[in-house]
Amino acid sequence: MNKKSKSIIIAFDGTAASGKGTVAKSLAEKLRYDYLDTGLMFRKVAYFSIKNKVNLSNIEKICELIDRIDFAKPIPLSEIYFDEVSDLSSKIAEFNIIREKLLNIQREFAKGKNGIVVDGRDIGTVVFPNADFKFFFDANIEERARRRYKQLQKMGKSIKLQKVLEYLKIRDKRDIERKSAPLLKADDSMLIDTTQMTIEESLNIILNKLKFK
Ligand code: C5P
């Protein structure tokens, strides 16, 4: 496929800490496409809900908050990647009204772009069901826990590996079992098990599939 022939959408979905975000971001950089991390959007909603002391019993207020969030504004990752935010983001993600609001912003992001790489849980199934390429990332839970643990350690967080594993399991279960846009592999997406792979290796598989190499 010729990289310059048309604007394209590349969708990445998968389980938490499966490597999809890292690979999606590297791919976007390589192709000079815009990158959208939809998980970060849910995390930002959770972060500002905590900051403004709005809890889950007040979904209307969370919706109001969403209207005021500047999703393009960066927040230090160390404030966004900790247990309370991770846990609340997946609880917030169960509400259809919230998903609908974020869905509009996500689809808007695609407009006028040459090409985009988007990662999340429902990109290939709900957000961009007609995406040109779809990938579904997964890896063994112990390996994913180790990766997330290392990430958190680098950020200076002190947490036990066993706890990281437990939290990932809870979040995956919630994401898979929710009624609204659950984590699901689209039939036409390519499954990539990254358990034994480096980031480079997963990226190469994708570049091969895209024939952009
Ligand atoms: O990808 P990340 O782990 O940062 O996402 C945080 C949470 O946001 C997920 O556990 C999931 O509940 C939610 N999410 C979602 N749909 C997306 C992206 C993330 O429900 N497209």
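Please refer to the structure placed before this passage.
Starting afresh in each chain, residues are numbered from 1 along the sequence in its written order. pLDDT decides what is reported in this predicted model: residues at 70 or higher carry local features, side-chain atom pairs at 80 or more are listed and counted, and totals for whole chains, interfaces and linings draw on all residues regardless. To get the side-chain values, take all heavy atoms of the structure and skip hydrogens and water.

Q: When you look at the environment of K101 in this model, what are you seeing that I'm missing?
A: In DSSP terms, a helix is any run of H or I states spanning at least four residues, a strand is any run of E spanning at least two, and both are numbered starting from the N terminus. Examined against the element boundaries, K101 turns out to sit in helix α6 (residues 96-110). Exposed residues in this analysis have more than 50% of their type's maximum accessible area, buried residues have under 20%, and partly exposed residues fall in between, with area computed by a 1.4 Å probe over protein chains only. Using a relative accessible area of 24% as the deciding quantity, one classes K101 as partly exposed. Note on contacts: a residue pair is in contact if any heavy atoms of the two residues lie within 4.5 Å. Other than its neighbours up to four places away in sequence, K101 contacts C63, I66 and D67. For the purposes of these results, a polar contact is taken to be a pair of N or O atoms within 3.5 Å, where, inside protein, one atom must be able to donate a hydrogen and its partner to accept one; residues adjacent in sequence count only when each atom of the pair is a side-chain atom. Within the structure, K101 has its side chain in polar contact with the side chain of D67 (distance 3.1 Å).

Q: I'm lost on the layout of surface pockets in this one. Help?
A: Empty space among the atoms becomes apparent when a probe as large as a water molecule is rolled across them. Considered as a void within the structure, the second largest pocket measures approximately 200 Å³ in volume. When residues of the lining of the second largest pocket are traced back to their parent elements, those giving at least two are α5 (83-92), α8 (141-154) and α9 (161-177). Here the lining of the second largest pocket gets six residues from one element, more than from any other, and that element is α9. Taken together, the residues that form the lining of the second largest pocket break down as eight nonpolar, two polar and six charged. Cavities and pockets were defined on a 1 Å grid built over protein atoms only: a cavity is a set of grid points that admits a 1.4 Å probe from which the probe cannot escape, a pocket is an open set flanked by protein on both sides within 12 Å along at least five of seven lines, and lining residues are those with an atom within 4 Å of any such point. Grid points are joined across faces, edges and corners, and a volume is the space filled by probe spheres set on the points. Three classes are used, and their members are as follows: Ala, Val, Leu, Ile, Met, Phe, Trp, Tyr, Cys and Pro are nonpolar, Asp, Glu, Lys and Arg are charged, and the others, Gly among them, are polar.

Q: Before we go on, may I ask you to explain the sheet that holds strand β1 (residues 8-14) in this structure?
A: Pairing between sheet strands relies on hydrogen bonds along the backbone, with the strands arranged either parallel or antiparallel. Pairs of strands are assigned from DSSP output, requiring at least two bridges between the strands. Ordered by their spatial adjacency, five strands build an open sheet running β2-β3-β1-β4-β5, and the pairing between neighbours is parallel. Where the open sheet ends on each side, the last strands, each with one partner, are β2 (34-37) and β5 (190-193). Between one strand and the next, the sheet's axes are offset by a mean angle of 20°, whatever the strand orientation. The pairing of β2 with strand β3 (residues 115-120) spans four bridges and is classified as parallel. Within the sheet, the bridge partner assigned to D37 lies in β3 and is D119. Of the strands in this sheet, β1, β2, β3 and β4 (133-138) are in contact with helix α1 (residues 20-31), which crosses β1 at around 165°. An axis is simply a line fitted to the C-alpha atoms; with a helix, the fit covers only the stretch in contact. Between two such axes, the angle follows the N-to-C directions and lies from 0 to 180 degrees.

Q: Hey, could you run me through the packing of α1 against helix α10 (residues 199-210) in this one?
A: For any two helices packed against each other, one specifies the crossing angle of their axes together with the interaxial distance. The interhelical angle for the contact between α1 and α10, taken along N-to-C directions, is 55°, at an axis separation of 10 Å. Classified by the angle between their axes, α1 and α10 sit oblique to one another. For the pair α1 and α10, the crossing hand works out as right-handed. Facing T22, V23, S26, L27, K30 and L31 of α1, the residues of α10 in contact are I199, S202, L203, I206, L207 and L210. Grouping the constituent residues of the contact of α1 with α10 by class yields eight nonpolar, three polar and one charged. Any angle from 65 to 115 degrees is called roughly perpendicular, while one under 35 is roughly parallel, one over 145 is roughly antiparallel, and all others are oblique. Helix crossings are classified by the rotation of the near helix relative to the far one: an anticlockwise turn of less than a right angle makes the crossing left-handed, while a clockwise turn makes it right-handed.

Q: What should I look at first to understand the site of the ligand in this one?
A: Nearness here has a simple test: a residue counts as near a molecule or strand if at least one of its heavy atoms is within 4 Å of that partner. Surrounding the ligand, one finds 15 residues, the nearest of these being R43, R99, D122, R171 and D175. Separating an oxygen atom of the ligand from a side-chain N or O atom of D175 is a distance of 2.5 Å. Each accessible area is a Shrake-Rupley result for a 1.4 Å probe, and residues are judged covered by the shown protein chains and nothing else. Alone, the ligand offers 460 Å² of accessible surface; in the complex the protein occludes 97% of this. Examining the composition of the shell around the ligand, we find that four residues originate from one element, helix α2 (residues 38-51), more than from any other.

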